[in-house]
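Coordinates in review
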Amino acid sequence: MRISISLPVAASFFCVACGGSGGGGPIVTTPASKLRVLNDFVDVSRVNANVSGTPILSNQPFGFTSVFTKFDAGTQTINCFDAGTSALLVSRSVILQANNFYDAIGLGTSGKGRHVLCFQASQSTLPGQTQTRIVNGDEDAPAVDIYVTPIGTKNVNGLTPQLTNVQFADDTVGYKPFAPAAYTIWFTPAGQPATLLGGADETFVANTNTTLLLVKTSSGLNVQVITDSGN
């Protein structure tokens, strides 16, 4: 079971500095980036979020993602709140590079801690390939091994994982290239190939970038698919 996400881009805007009375001044554009926020807080009914005070999520349920919104490049602070109580869930400052796109994902529970993951949503695709980033968002699994196998594979015993010992909430995981095809993604505890935590069948499409996130939902672990490119 999986959740697929691909949303439209917010309209861009310019910052214009006006000259004094009697004449127009130069047009000044501030270096900017674009960021979207995804609510994966499974134990909170509805979430609000802002970026350095600018609202980006308003009373949104689990799994909802905003459109990409333009923000000034530089340090920005992502704040997530329980929409019902206005309690701050988590806050994180990140550095946004000019002309880049970013995914910010709020996850974790009150019992085990909350996090904001922040990834660059690369728009530069690899011709004829799929670039996929696979992330451990399961707070109950401190570290996982990740296997990518052809459809029809029955288990991963004896196979070599594509990623090993991936820590929970590690947002330094990079994209890996794959040939376009249908695959099964497997998540196991690190060093325990016989124990399946979760998985999903997924078709990788040429000339795309995606993020696959193992995430806790109200119905158990699912693989969430976030389309990064083409936005």
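In the block above lies the structure referred to throughout.
Quick caveat, the model's predicted, so the values are computed rather than measured. (Residues numbered from 1 in each chain as written. Predicted model: local features only at pLDDT ≥ 70, side-chain atom pairs only at ≥ 80, totals over all residues. Heavy atoms only, no water.)

Describing the overall build of the chain
Summing up its helical and strand segments, the chain has 0 helices and 17 strands in all. Pairs at least 24 apart in sequence give 63% of the contacts found in the chain among residues at least 6 apart. (Helix = DSSP H or I, 4+ residues; strand = E, 2+ residues; numbered from the N terminus. Contact = heavy atoms within 4.5 Å.)

A closer look at the sheet that holds strand β3 (residues 47–51)
If you walk across this open sheet you meet the 4 strands as β4-β3-β6-β7, and the pairing is antiparallel. Edge positions in the sheet fall to β4 (54–60) and β7 (88–96), since each of these pairs with one other strand and no more. With direction set aside, neighbouring strand axes in the sheet form an average angle of 15 degrees. In this sheet, strand β6 (residues 74–82) lies alongside β3 in antiparallel orientation, the contact comprising 5 bridges. By the bridge assignment for β6, N50 is matched with N79. (Pairing = 2+ DSSP bridges. Axes fitted to C-alpha atoms, helices over the stretch in contact; angles between N-to-C directions.)

Describing the packing of aromatic side chains
Within the structure shown, the criterion is met by 4 aromatic pairs. An angle of 40 degrees between the planes, with centres 5.0 Å apart, marks the rings of Y183 and F204 as tilted. Placement of Y183 in strand β14 (residues 181–189) and of F204 in strand β15 (residues 198–204) is noted, with a sequence separation of 21 residues between them. With relative accessibility at 14%, the residue Y183 sits in the buried group. Three or more aromatic residues joined by ring pairs make a cluster, and in this case those are F178, Y183 and F204. Just above the ring of Y175 sits the side chain of R133; from NZ or CZ to the centre is 4.3 Å. (Phe/Tyr/Trp six-rings, centres within 6.5 Å; stacked < 30°, edge-to-face > 60°. Buried < 20%, exposed > 50% of the residue type's maximum accessible area, 1.4 Å probe, protein only. Lys NZ or Arg CZ within 6 Å of the ring centre and 35° of its normal.)

Remarks on the side chain of D82
With respect to the helices and strands, D82 occurs in strand β6. Buried charged residue D82 carries no salt bridge. Nearest counter-charge: R114, at 6.7 Å. Among residues more than four places away in sequence, those in contact with D82 are V44, R46, A87 and L89. (Lys, Arg positive; Asp, Glu negative; His and termini not counted. Salt bridge = Lys/Arg side-chain N within 4 Å of Asp/Glu carboxyl O.)

Quick look at the nonpolar core
If you look at the biggest cluster of nonpolar residues, it comprises 20 residues, and the most contacted ones within it are L35, V37, F41, I56, I78 and C80. Counting residues per element, the ones that place at least two in this core are β2 (32–40), β3, β4, β6, β7, β8 (101–109) and β9 (113–120). If one sorts the elements of this core by residue count, β7 sits on top with 4 residues. Apart from residues lying up to four places away in sequence, I78 is in contact with L35, V37, N50, V51, V90, S91, R92, V94, A104 and V116. Formed by 18 residues, the second largest nonpolar core is a distinct cluster that contains A141, F178, F187 and V223. (Core = buried A, V, L, I, M, F, W, Y, C linked by side-chain atoms within 4.5 Å.)

Things to note about the side chain of N39
For N39, the position within the fold is in strand β2. Setting aside its immediate chain neighbours within four residues, N39 contacts V47, L57, Q60, P61, F62, G63, F64 and G106.

A short note on the environment of G128
One can find G128 in the loop between β9 and β10 (130–137). G128 sits in the partly exposed class, given a relative accessible area of 39%. For G128, the residues in contact, after removing those within four places along its chain, are P180, A206 and N207.

Remarks on the sheet that holds strand β5 (residues 69–72)
Spatial ordering of the open sheet is given by β5-β2-β8-β9, a layout of 4 strands whose pairing is mixed. Looking at which strands have only one partner, the edges of the open sheet turn out to be β5 and β9. Shown here is a sheet whose adjacent strand axes are inclined to one another by a mean of 35 degrees, direction ignored. Bridge count between β2 and β5: 4 bridges; the pairing is antiparallel.

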